[in-house]
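# Fold and geometry: a report
Residue strings, one per chain:
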Amino acid sequence: MEHNAYIPRLAKIIQIKEEVSGARPIKTFRTQFLNKNDFAFHCGQCTMLSVFGKGESMISISSPPLIKDYLQFSILKMGRVTSALHEMEVGDKIGIRGPYGNGFPIEDWKGKNLIFIGGGIGLAPIWSVLQTALGKKQEYGELKLIYGARTSKDLVFKEELKELKKKMIVHLSIDVEEPEWEEFIGFVPQNVTDKKPSPKNAITITCGPPIMIKFVIQALKDLEFEDAQIYTTVENKMKCGIGKCGRCNIGMHYVCKDGPVYSWAELKKLPQEY
Ligand SMILES: Cc1cc2nc3c(=O)[nH]c(=O)nc-3n(C[C@H](O)[C@H](O)[C@H](O)COP(=O)(O)OP(=O)(O)OC[C@H]3O[C@@H](n4cnc5c(N)ncnc54)[C@H](O)[C@@H]3O)c2cc1C
Ligand code: FES
């Protein structure tokens, strides 16, 4: 029998990693389903995570579909639900509804150079597609990551980024100078302009705060990327996740069903409600 899309599947937290501490903390959670794992997803898709008695939040799956043992989520503490998640411990149970949304059309990108551009927690939705491309590296061209955060402490996946540098090109940045920092200092869009990625046979995938996305797109346009070469994800407020409540719409589009992944060619045709 098909799983009812409204009913969360029960899952257990098997690992918690503190990525960022301080005023805007981020934790990465690994979860395993309690029952049979028939959960299949595409990179870029999201789930509704429920903390019982507190509510639900839409969160991107940050692990790649290639990994079957666990689902990973990296979560910035914002309000009621995400604060409750940050209080949880290994062994605690949560609900997982989904997967929702369209995901990245990574199959269409075979043979192309992929440039991932992230800011802060925006690396989480990108991580799934980046790891998928890395796992099938021979099928793609050059892989490059341009990623930044406010300070070096605010970068997520710090250990993983060190390992990633052995496998692909990684350009990091922080917003303001720090004594030990040897990479770019400035905002992510400035690092894009500085590194001048070539639009030739390339696709860019960008995720981060809306203001960063806006200026990254501007920087890419200045480098002569076409609109159809630029992909991003939209984080509208969501409730049902399945196209019923109308909370997430941009014009006639329901982001939870038609998005959250859009090319800039698609997004710029929609009303500016995101
Ligand atoms: C498609 C999609 C994917 C997402 N992926 C991730 C992810 O991988 N990791 C992650 O940490 N967060 C992600 N988010 C954002 C996450 O859903 C919100 O931060 C979360 O729902 C806030 O819930 P809360 O109950 O903790 O906060 P609330 O009490 O509901 O709100 C607290 C604060 O958070 C702000 N907020 C609420 N919803 C959102 C939202 N959708 N986007 C931005 N700010 C919001 C509110 O304006 C308010 O200031 C995603 C959102 C969407 C729509
Ligand atoms: S979240 Fe309800 S319609 Fe999209």
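Below you will find a few notes about this structure. (Residues numbered from 1 in each chain as written. Chains lettered and ligands numbered in written order. Predicted model: local features only at pLDDT ≥ 70, side-chain atom pairs only at ≥ 80, totals over all residues. Heavy atoms only, no water.)

The subject of this paragraph is the packing of helix α4 (residues 188–195) against helix α5 (residues 210–222). Where α4 meets α5, the closest approach of the two axes is 8 Å, and the angle between their N-to-C directions is 15°. One finds that α4 runs roughly parallel with respect to α5. Considering the relative orientation of α4 and α5, their crossing is right-handed. On α5, the residues touching Val 188, Pro 189, Val 192 and Thr 193 of α4 are Met 212, Phe 215, Val 216, Ala 219 and Leu 220. The class makeup of the residues in the contact of α4 with α5 is eight nonpolar, one polar and no charged. (Axes fitted to C-alpha atoms, helices over the stretch in contact; angles between N-to-C directions. Helix = DSSP H or I, 4+ residues; strand = E, 2+ residues; numbered from the N terminus. Parallel < 35°, antiparallel > 145°, perpendicular 65-115°, else oblique. Left-handed = near helix turned anticlockwise from the far one by under 90°. Contact = heavy atoms within 4.5 Å. Nonpolar A, V, L, I, M, F, W, Y, C, P; charged D, E, K, R; others polar.)

By nearness alone, 20 residues border ligand 1, and Ser 57, Met 58, Leu 76, Gly 79 and Thr 82 come closest of all. At 2.6 Å, a backbone N or O of Met 58 approaches an oxygen atom of ligand 1. In this structure, Glu 235 approaches ligand 1 through a side-chain N or O atom, which is 3.4 Å from a nitrogen atom. Among the elements of the structure, β4 (55–60), β5 (71–76) and α1 (80–87) are those that each provide at least two residues to the shell around ligand 1. Its residues assigned to classes, the shell around ligand 1 comprises 11 nonpolar, six polar and three charged. (Near = heavy atom within 4 Å. Polar contact = N/O pair within 3.5 Å; in protein donor to acceptor, adjacent residues only side chain to side chain.)

This part is about the packing of aromatic side chains. Tallying each qualifying case throughout the model produces five aromatic pairs. Seen in terms of ring centroids, Phe 33 and Phe 39 are 5.3 Å apart; in terms of plane orientation they differ by 35°. Their pairing is tilted. Judged by relative accessible area, which is 16%, Phe 33 ranks as buried. Look at Phe 39 and you get buried, because its relative accessible area is 10%. With a centroid separation of 5.0 Å and 65° between ring planes, the pair formed by Trp 109 and Tyr 231 is classed as edge-to-face. Note that Trp 109 is positioned in the loop between β6 (93–100) and β7 (113–119) and Tyr 231 in strand β12 (residues 230–233), a separation of 122 residues in sequence. By relative accessible area, which is 2% here, Trp 109 ends up buried. Among the residues examined, Tyr 231 registers a relative accessible area of 15% and is labelled buried. (Phe/Tyr/Trp six-rings, centres within 6.5 Å; stacked < 30°, edge-to-face > 60°. Buried < 20%, exposed > 50% of the residue type's maximum accessible area, 1.4 Å probe, protein only.)

Everything listed here is a matter of coordinates, which is why it stays silent on function.
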